[in-house]
Amino acid sequence: MASPSSQFLLFLCFIFLVNGSVNSIAIPVVKDASTLQYVAKIHHGVSQVPINLVLDLGGPLTWVDCDSSADVSSSSSRRLIPSQSIQCSRSGKSPVPRNGSDTTTNTCGVFTQNGISGLATTGDLAEDTIAVRSELEDPSITAVDEFLFSCAPTFLLQGLASGVRGMLGLGRAPISLPSQLATGIGHQRKFFMCLSSSNGVVLSHHTSTTKLPLMYTPLIGKSQDYFINVKSIKINGNPLSVTIEGLTKLSTIVPYATMESSIYATFAKAFTKAAAAASRDMSVVAPVAPFSLCFSSKGFNGSAVPVIDFVLQSEMVKWRFYGSNSMVKVNEEVVCLGFLDGGSDLTSSIVLGGFQLEDNVMDFDLGTSMLGFSTLRGTCCSDFSPNSVLDESL
């Protein structure tokens, strides 16, 4: 559990566009136990109403349910964006007439999707005031204007955690959160993310320097999502005889890592063999959905769990997964491998889900298209402090 001081730090800090210089801003993130979704809290409108949004790492924009949220739809500071406007062009989409009328007088329509349920619609592009609080020394809240988001209908909330009002997009897109922070307050086009099974944080900062010894790998492609190139997989140092043809996607809306069937079959077989060689106590038991490979927890020793390495651009650059990011406790008797068989129709060969991303400090640099990562062994992201990551001397 996080200490009271670190919880205060995480929940104190709320952000958004502000004129002038803001050194550091942080959004608190809490994992919802029932849905396994990561829920961020921001403050909306001049009345600074707190709203909860599901974190979508690859989301191109922020969207909010405006139909059933009176405090959002009736906000005196909210303004709908015309289709023929700079803001509409900035969204990166062609203007979409709302009722088939002339685009010169119509509201800017933007494609808006619930990445979890797959439901999608055309939302109204709007801008409104967001409450801003600096993470560092100034505890005062500043009300600022012109944060762009999509006003969506209530049905788009299907499948989201209880009490959530929409989704917060962190993707590589013109009006995602990191892009708007870069243009609005002069931060680097980058952000740090540190998730956990309880409290976590998304951090934006004016400096690009970190204290942590992060490994870096290129972000591949021009998609709004974040993809890396996994060249091979090792289990306890032994390479798998498997060909990885596609890219690996990072996602906060998928709870567990998912692999294309042929990759998973080889992976699960090698993991089972390595587990048996490491400990007699890791005996295979009947699987518990959604998992396909489970073990008895009787006498289970976490230190005996095989180490998984995703080898990236070279043998020197590996993303390593220990038992805390590979084994899921289902009940008192069963633990399961938190990597799933995704079938043969996956759009990505591998998707790293939220469970695998937890307790990793990740540096998403949109400007250089690089991803930094560092596993926090011996601690967790619920104890995360920006001062433990950022170099304030520069």
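What you see is a predicted model, and the numbers here were worked out from it, not measured in a lab. (Residues numbered from 1 in each chain as written. Predicted model: local features only at pLDDT ≥ 70, side-chain atom pairs only at ≥ 80, totals over all residues. Heavy atoms only, no water.)

A few words now on the overall build of the protein chain. What the protein chain contains, in helices and strands, is six helices and 27 strands. For the protein chain, the residues scored as buried account for 54% of the 394 residues in total. Of all intrachain contacts in the protein chain linking residues separated by at least 6 positions in sequence, the fraction that spans at least 24 positions is 69%. (Helix = DSSP H or I, 4+ residues; strand = E, 2+ residues; numbered from the N terminus. Buried < 20%, exposed > 50% of the residue type's maximum accessible area, 1.4 Å probe, protein only. Contact = heavy atoms within 4.5 Å.)

With that out of the way, let us pick up the environment of V64. Here V64 lies in strand 4 (residues 63-65). On the accessibility criterion, V64 (2% relative accessible area) is buried.

Looking now at the confidence of the model for the protein chain. Summary statistics for the protein chain give a mean pLDDT of 83 and a share of 79% for residues scoring 70 or more. Low pLDDT, under 50, characterises residues 1-21; the predicted model gives this stretch 72 contacts beyond four residues in sequence or across chains. Across residues 99-104, confidence stays below pLDDT 50; counting only partners more than four residues off in sequence or on other chains, it has seven contacts. (pLDDT = per-residue confidence, 0-100.)

Before going further, it helps to spend a moment on the side chain of D309. Counting through the fold element by element, D309 comes out in strand 20 (residues 308-311). Classification of D309 by relative accessible area gives buried; the value is 2%. Only 2.7 Å separates the side chain of D309 from the side chain of R320, close enough to count as a polar contact. (Polar contact = N/O pair within 3.5 Å; in protein donor to acceptor, adjacent residues only side chain to side chain.)

It is worth spelling out the sheet that holds strand 13 (residues 226-228) at this point. Pairing is mixed across the open sheet formed by five strands, whose spatial order is 13-16-25-17-24. Each of the sheet's edge strands pairs with one partner strand only, and the pair in question is strand 13 and strand 24 (339-341). Neighbour-to-neighbour, the strand axes of this sheet turn through a mean angle of 25°, independent of strand direction. Pairing of strand 17 (residues 257-259) with strand 24 involves three bridges; the strand directions are parallel. Each bridged residue has a counterpart across the sheet, and for A257 the counterpart in strand 24 is F339. Against the sheet, helix 5 (residues 261-278) makes contact with strand 17, strand 24 and strand 25 (350-352), and its axis sits at roughly 130° relative to strand 24, the strand it touches most. (Pairing = 2+ DSSP bridges. Axes fitted to C-alpha atoms, helices over the stretch in contact; angles between N-to-C directions.)

A few words now on the pattern of salt bridges. Oppositely charged side chains can pair when the atoms bearing their charge come close. One pass over the full model with this rule turns up eight salt bridges. Salt-bridge contacts for E358 lead to K31; the nearest nitrogen and oxygen are separated by 2.7 Å. Here E358 is found in the loop between helix 6 (354-357) and strand 26 (360-365), whereas its partner K31 is found in strand 1 (residues 24-31), with 327 residues between them in sequence. Notably, a salt bridge pairs K190 with D363, separated by 3.1 Å at the nearest N-O pair. You can see K190 sitting in strand 10 (residues 190-194) and its partner D363 sitting in strand 26, a full 173 residues away along the chain. A residue is classified by how much of its surface remains accessible, and D363, at 0% relative accessible area, is buried. Residues joined by salt bridges that share partners form a network here, namely K190, D363 and D365. (Salt bridge = Lys/Arg side-chain N within 4 Å of Asp/Glu carboxyl O.)

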